[in-house]
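For reference, the chains in residue letters:
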Amino acid sequence: MIQRILILAAGLCGAAGVALSAAAAHGGGGNTSTAASFLLMHAPVFLAIGLTGANRLLRGGGLTLLAGLLVFAGDLLMRDHAGVRLFPMAAPAGGMLLIAGWLIVAASAFGKISRTD
């Protein structure tokens, strides 16, 4: 199930990243451009993790990345389009989740590589 969620996230992040890139090019703010870049750079990661799902740690890292991306990009988009923050310190919290997710992905290299664990 986690693998399907990550593959779905890959497609939605890719589509949203392209749409937000276009919006940023046609008058969106700098935060919209940054959110678009983050969505586009993480879409292939979600696809790769979803397709391989090598171990639980890798899948957990993927979910942590997804949570961080939603909070980080969501806050940036709320600032540009609604003029408010998602919640206080949302962007830094999302950024910390992204960093943690990448570290979990790195740590997964030392886990058992199996589709059944």
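What you see is a predicted model, and the numbers here were worked out from it, not measured in a lab.

Parameters at a glance
- Within any chain, residue numbers begin from 1 and follow the written order of that chain's sequence.
- Whole-chain, interface and lining totals are the exception, using all residues; otherwise, since this is a predicted model, local features are given only for residues with pLDDT of at least 70 and side-chain atom pairs are given and counted only at 80 or more.
- Hydrogens and water molecules were not included; the side-chain quantities draw on all heavy atoms of the structure.
- A carboxyl oxygen of Asp or Glu within 4 Å of a side-chain nitrogen of Lys or Arg is what we treat as a salt bridge.
- Numbering of helices and strands starts at the N terminus; helices are DSSP runs of H or I of at least 4 residues and strands are runs of E of at least 2.
- Accessibility here uses a 1.4 Å probe with only protein chains present; expressed as a share of the type maximum, an area under 20% marks a residue as buried, one over 50% as exposed, and anything in between as partly exposed.
- Aromatic rings from Phe, Tyr and Trp, with only the six-membered ring used for Trp, were paired whenever their centres fell within 6.5 Å, and each pair was classed as stacked if the ring planes differed by under 30 degrees, edge-to-face if by over 60, and tilted otherwise.
- The span you would expect from a helix comes to 1.5 Å times its residue count less one.
- Taken from the helix axis, the directions to the C-beta atoms give the arc we talk about.
- What makes two residues a contact is simply this: any of their non-hydrogen atoms within 4.5 Å.
- Surface patches are drawn from residues lacking salt bridges whose relative accessible area is over 30%; two like charges belong together within 9 Å, two nonpolar side chains (Val, Leu, Ile, Met, Phe, Trp, Tyr) within 5 Å.
- All accessible areas in this document rest on Shrake-Rupley with a 1.4 Å probe, and a residue is counted as covered only by the protein chains that are shown.
- Here, axes are lines fitted to C-alpha atoms. For helices the fit covers the stretch in contact, and angles between N-to-C directions go from 0 to 180 degrees.
- Note that the term roughly parallel is reserved for angles under 35 degrees, roughly antiparallel for angles over 145, roughly perpendicular for angles of 65 to 115, and oblique for everything else.
- Crossings are sorted by hand: turned counterclockwise from the far helix by less than a right angle, the near helix makes the crossing left-handed, and turned clockwise it makes it right-handed.

1. Thoughts on the pattern of salt bridges
Logical step 1: Using the criterion set out here, one finds 1 salt bridge in the structure.
Logical step 2: Between Asp75 and Arg79 there is a salt bridge, with its nearest N and O atoms 2.9 Å apart. Here Asp75 pairs with Arg79, and both are found in helix H3 (residues 56–82), just 4 residues apart, close to one helical turn.
Logical step 3: Residue classification places Asp75 among the buried residues on the basis of a relative accessible area of 0%.

2. Some remarks on the packing of aromatic side chains
Logical step 1: In total, this model carries 1 aromatic pair according to the counting rule given.
Logical step 2: Aromatic pair Phe38 and Phe72: ring centres 4.7 Å apart, planes at 45°, arrangement tilted. In this pair, Phe38 is assigned in helix H2 (residues 30–52) and Phe72 in helix H3, connecting sequence segments 34 residues apart.

3. Focus: helix H4 (residues 90–107)
Logical step 1: A rise of 1.5 Å per residue sets the reference length of H4, with its 18 residues, at 26 Å; its end C-alpha atoms lie 25 Å apart and thus fit the reference within 8%.
Logical step 2: Of the residues making up H4, those classed as buried are Ala90, Ala91, Gly94, Gly95, Leu98, Gly101 and Val105. Each buried residue of H4 sits inside an arc of 135° when the element is viewed along its axis, so together they form one side. Looking at H4, the residues exposed on the side facing more than 90 degrees away from the buried face are Met96 and Leu103.
Logical step 3: Of the surrounding secondary structure, the elements contacted by the buried residues of H4 are H2 and H3.

4. Describing a nonpolar patch on the surface
Logical step 1: On the surface, Met1, Ile2, Ile5 and Leu63 cluster together into a nonpolar patch covering about 360 Å² of accessible area.
Logical step 2: Mapping Ile5 onto the fold places it in helix H1 (residues 2–25).

5. Examining the packing of H1 against H2
Logical step 1: Running from N to C, H1 and H2 cross one another at 155°; their axes reach a closest spacing of 7 Å. By the angle between their directions, the pair H1 and H2 is classed as roughly antiparallel. Viewed along their axes, H1 and H2 form a crossing whose handedness is left-handed.

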